[in-house]
Amino acid sequence: MKQSYFSRRLTPLNITVVYAVIGVAWGAVSCIFPAALKHHADLSTLLDESVSHAFFILVTAALLYILIRRSETETTRGRESLSRVNRALKTFSGCNQALVRATGELQLMKDICRTIVEVGGYRLAWVGIAEHDDWKTVRPVAQWGDRDGYLTNLDMSWADIDRGRGPTGTAIRTGTTRVVQNILFDPSWALWRDEALRHGFAASISLPLMNDGHPLGALVIFAAEKRAFGKEEVKLLEELAQDLSFGIATLRMNAERKKGEKARKLLAKVVEQSMEGIILVDSDGTIEYANPAIMNITGHPPQEMMGKNIGDLEKDEQIGEFYRSIWTALSEGHERTGHFIQKGTDGDFYEVDARLWSLSDSSGAVSNHAVAIRDVTNEVHLERQLRQAQRMEAIATLAGGIAHDFNNNLASIITCTEMARDDLPEESPLRELLDVVLKSSYRGRKLVKQILTFCCQGEQERQPVQIEPILSECLNLLRGSFSSSINVSTHLADHLGLIMGDPTQIHQIIMNLATNAIHAMRVKGGTLEISAENVGLDTAAATSGPDLPSGCYLKLTVKDTGQGMDEKTMERIFDPFFTTKGHSEGTGLGLSVVHGIVRNHGGAITVSSKPGAGATFEVYLPRIEQAGKDETVEAETAAPVGNERILFVDDEEELVFAGKKMLERLGYQVVIGRNGEDALQLFREQPGSFDLVITDQTMPKMTGTELTREIMQIRPDIPVILCTGFGPTVEKALQGLEQDASGIKEVALKPFNRQELAGVIRRVLNKGEEEQRANG
């Protein structure tokens, strides 16, 4: 309390007054008291001495006041400067702690700004990043203390333009600190002064953030008081800005390093998990690295390969040639690709593509070599399958053309033979000869159908299928493909049930299984047994057998006495591309296709075999309730007749002759059109005089469907029967054309006999009459 009292009294003025009063009093006393003791006094002399002494005292008092005042001012300034320096030191210390703890660039900037405001006592601190866009914008990214949104609409640049010549833009552009002690009068603040004063900013300092001479941005600090930044304080803040620049650069470098590490780890994962085998070899041929895919491709564990010379990797002469050729190419500096056929450790052959190249260091010298190995076995098999499919497509096209011409010939033969037979009496021996001609013609028709079915294996709609005729067709096709040392026996149970399936795919199942069986007996011969029977499966009671639900099935068994298979082979027998045949003998797709077809039909296939004891394949297909159709030969019945007028169109002279004769014998009136244009002209002349049009599909200038479209435009209600010699494989395609030519009522497949054609004609005409009566 007393100390406070004296501190309030001891001011420079008080000290000076006390000194003057005491000095003047002392001077007067020192002059008057001696004179009084001597009892004589000269008043004027005493007065002069007193005045002189007082003047001296007053002058020295004034000088004392000035000295004390100046000393106090310096002390105050020193204290304030020390306070600012201490503040800057605290700020510097706090920011260094933030730098040590920093893990992210933006978080570091924000922590630095917060420390400057909260510890340093400044009004606002913010960091602006120097963008390298067209306007060289200064973009604030971190701040602390901006409560009123000063930075929200800040428009600033670091280019040498009006908005780039402020303290911050100049600091970034020049790399020097810009201190403004009084914003009110500083010209560089002209564009932003009003806004700054409105927010209470009086002084500012802009510190550039640099990295290797390149501008990163600026650290900007605002103070509420003027002349807030002393020299020592500025020096410390400049060191802080340098540390912040280093911290930002370090964090960015760490981020790039982590990004690079992540990329390297990702690249390592790509190499490790690559489906292609990769081998790294040094300049001496020693294997330094091999990825796991090498094991899957070559059968060599990567750990055992590393440290070995690639040229000595395989002792086998044939297999080792692959690695030796690789090392030869690498040692000679060749970068090339090659295709190799290798034998794996399990004895299976596989095919690979290898690509070789050299790796150079920073000086350009070759330091390592790389080998990429890709297993192309499946691709090669697919290419072979594609070539096989293309060959089959070419064969199918050729077969279709041959079938068309052959069916046309058979059609005229069958028709004329039937008419010649009708003209002979029952007891004539020529009838027997003509019966042979007819039977041979029917066998030829059946053979053409079988060839087309085999060559044009397109998927058909599911329908009730009887297996006996399909099995008979397959055996007829295969009969000429095996030697006489192979015997074929069939055992078909009575009243075999029907299956719901695709006849073409059922045909494919039998052909594949029988072909494989014949191949297994090609050397020593043997017996091929094919049987079919109705079976019932009770899954609940069965201890072994196919994995199928309980129900009624048709079981097809194909058994041979060939070389048989071991357990290992049977485990892979249905795998795609697996084959025990040579490269030129098969693709390994037959049994996998069979397995897929059987599964798609809701069935199952099993195999049992032992080496040297043959193999037995059992196919189970679901049976439907409908009973099989009895294959008895029906007695010949009279063909249906009529008296309607028919326009018969075909470009083959023999067919025109035979067709006209046959239709006239059936009672019909026939008008002949020898091509599409001729028939169209005849129809235009008398459109209402015809009851039916029968036209061939394949004719020059105008096809049968094109003729039908033209006829429909003249008379939409005329029925049309379209004939084709291309077989059943094109029937579906022709039926699709009925949307454009809706007058096509039926498609008749050549060659047809009199009974078949007469039935089609009568069916179409009767249906047309019923529709007319229904329409009233």
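Heads up: the structure comes first, above all this text.
Residues numbered from 1 in each chain as written. Predicted model: local features only at pLDDT ≥ 70, side-chain atom pairs only at ≥ 80, totals over all residues. Heavy atoms only, no water.

Q: Mind laying out the overall build of the protein, listing which residues take part and the relevant values?
A: When helices and strands are counted, the protein shows 21 helices and 22 strands. A burial count over the protein gives 41% of its 776 residues as buried. By sequence separation, contacts in the protein at least 24 residues apart represent 63% of the contacts at least 6 residues apart. Counting only carbon and sulfur atoms, one obtains 54% of the accessible surface of the protein, whose full area is about 43000 Å². (Helix = DSSP H or I, 4+ residues; strand = E, 2+ residues; numbered from the N terminus. Buried < 20%, exposed > 50% of the residue type's maximum accessible area, 1.4 Å probe, protein only. Contact = heavy atoms within 4.5 Å. Areas by Shrake-Rupley, 256 points an atom, 1.4 Å probe, with all protein chains shown as cover.)

Q: Please give an account of helix 14 (residues 503–520) that cites residues and values.
A: The first and last C-alpha atoms of helix 14 sit 26 Å apart over 18 residues, in line with the 26 Å expected at 1.5 Å per residue. Within helix 14, 15 of the 18 residues are buried, leaving the element largely enclosed by the surrounding structure. (Expected span 1.5 Å × (residues − 1).)

Q: Describe the sheet that holds strand 9 (residues 349–360), and please don't skip the residues or the numbers.
A: Strand order in the open sheet formed by five strands is 7-6-10-9-8, and the pairing between neighbours is antiparallel. Each having just a single partner strand, strand 7 (287–290) and strand 8 (337–343) make up the two edges of the open sheet. Across the sheet, the axes of successive neighbouring strands diverge by a mean angle of 25°, strand direction being ignored. The pairing of strand 6 (residues 277–282) with strand 10 (residues 366–375) spans six bridges and is classified as antiparallel. Bridge pairing in strand 10 places isoleucine 279 opposite valine 371. (Pairing = 2+ DSSP bridges. Axes fitted to C-alpha atoms, helices over the stretch in contact; angles between N-to-C directions.)

Q: I'd like a description of the pattern of salt bridges, backed by residues and values.
A: Within the structure shown, the criterion is met by 25 salt bridges. When the shortest N-O distance is used, the salt bridge between arginine 257 and glutamate 261 registers 3.0 Å. Linking arginine 257 with glutamate 261, this pair stays in helix 7 (residues 231–273), spanning four residues, or about one helical turn. Judged by its relative accessible area of 29%, glutamate 261 is partly exposed. Arginine 431 is the salt-bridge partner of glutamate 426, the closest N and O atoms lying 3.8 Å from each other. (Salt bridge = Lys/Arg side-chain N within 4 Å of Asp/Glu carboxyl O.)

Q: An account of the packing of helix 13 (residues 467–478) against helix 14 is needed here, citing residue identities and associated values.
A: Two quantities define a packed helix pair, namely the angle between the helix axes and the distance between the axes. The N-to-C vectors of helix 13 and helix 14 enclose an angle of 45°; their axes lie 10 Å apart at closest approach. One way to sum up the angle between helix 13 and helix 14 is to call them oblique. For the pair helix 13 and helix 14, the sense of crossing is right-handed. Facing helix 13, whose interface residues are Ile467, Ile470, Leu471, Glu473, Cys474, Leu477 and Leu478, helix 14 presents Pro503, Ile506, His507, Ile510, Met511, Ala514, Thr515 and Ile518. Among the residues forming the contact of helix 13 with helix 14, the class breakdown is twelve nonpolar, two polar and one charged. (Parallel < 35°, antiparallel > 145°, perpendicular 65-115°, else oblique. Left-handed = near helix turned anticlockwise from the far one by under 90°. Nonpolar A, V, L, I, M, F, W, Y, C, P; charged D, E, K, R; others polar.)

Q: I'd like to hear about the environment of alanine 370, residue by residue, with values.
A: With respect to the helices, strands and loops of the structure, alanine 370 is situated in strand 10. The exposure class of alanine 370 is buried, given its relative accessible area of 2%. Look past the residues within four positions of alanine 370 in its chain and what remains in contact with it is Ile279, Leu280, Leu330, Arg355, Leu356, Trp357 and Leu359.

Q: If you had to explain the packing of aromatic side chains to someone new, which residues and values would you point to?
A: The geometry of two aromatic rings is summed up by the distance between their centres and the angle between their planes. Overall, the coordinates contain seven aromatic pairs when judged by the stated rule. Aromatic side chains tyrosine 150 and phenylalanine 201 sit 5.3 Å apart centroid to centroid with 85° between the ring planes, which places their arrangement in the edge-to-face category. Highlighted residues: tyrosine 150 in the loop between strand 2 (138–144) and helix 5 (167–174) and phenylalanine 201 in the loop between helix 6 (193–198) and strand 4 (203–211), separated in sequence by 51 residues. The class of tyrosine 150 is buried, set by a relative accessible area of 4%. Classification of phenylalanine 201 by relative accessible area gives buried; the value is 5%. Ring geometry for phenylalanine 201 versus phenylalanine 222: centroids 4.4 Å apart, planes at 10°, classification stacked. Taken as a pair, phenylalanine 201 in the loop between helix 6 and strand 4 and phenylalanine 222 in strand 5 (residues 214–223) lie far apart in primary sequence, 21 residues in all. An aromatic cluster of three or more residues is present, and its members are Tyr150, Trp189, Trp192, Phe201 and Phe222. (Phe/Tyr/Trp six-rings, centres within 6.5 Å; stacked < 30°, edge-to-face > 60°.)

Q: Lay out the pairing of strand 17 (residues 615–622) with the relevant residues and their values.
A: For a regular strand, the rule is simple: side chains alternate between the two faces of the sheet. When you tally the buried positions in strand 17, you get six out of eight residues, the bulk of the element. Sheet topology places strand 15 (residues 551–560) next to strand 17; eight bridges connect them, and they run antiparallel. Within strand 17, the position partnered with threonine 557 by the bridge is glutamate 618. Bridge count for strand 16 (residues 604–609) against strand 17 is six bridges, and the pairing is antiparallel. Across the sheet, threonine 606 pairs through a bridge with glutamate 618, a residue of strand 17.

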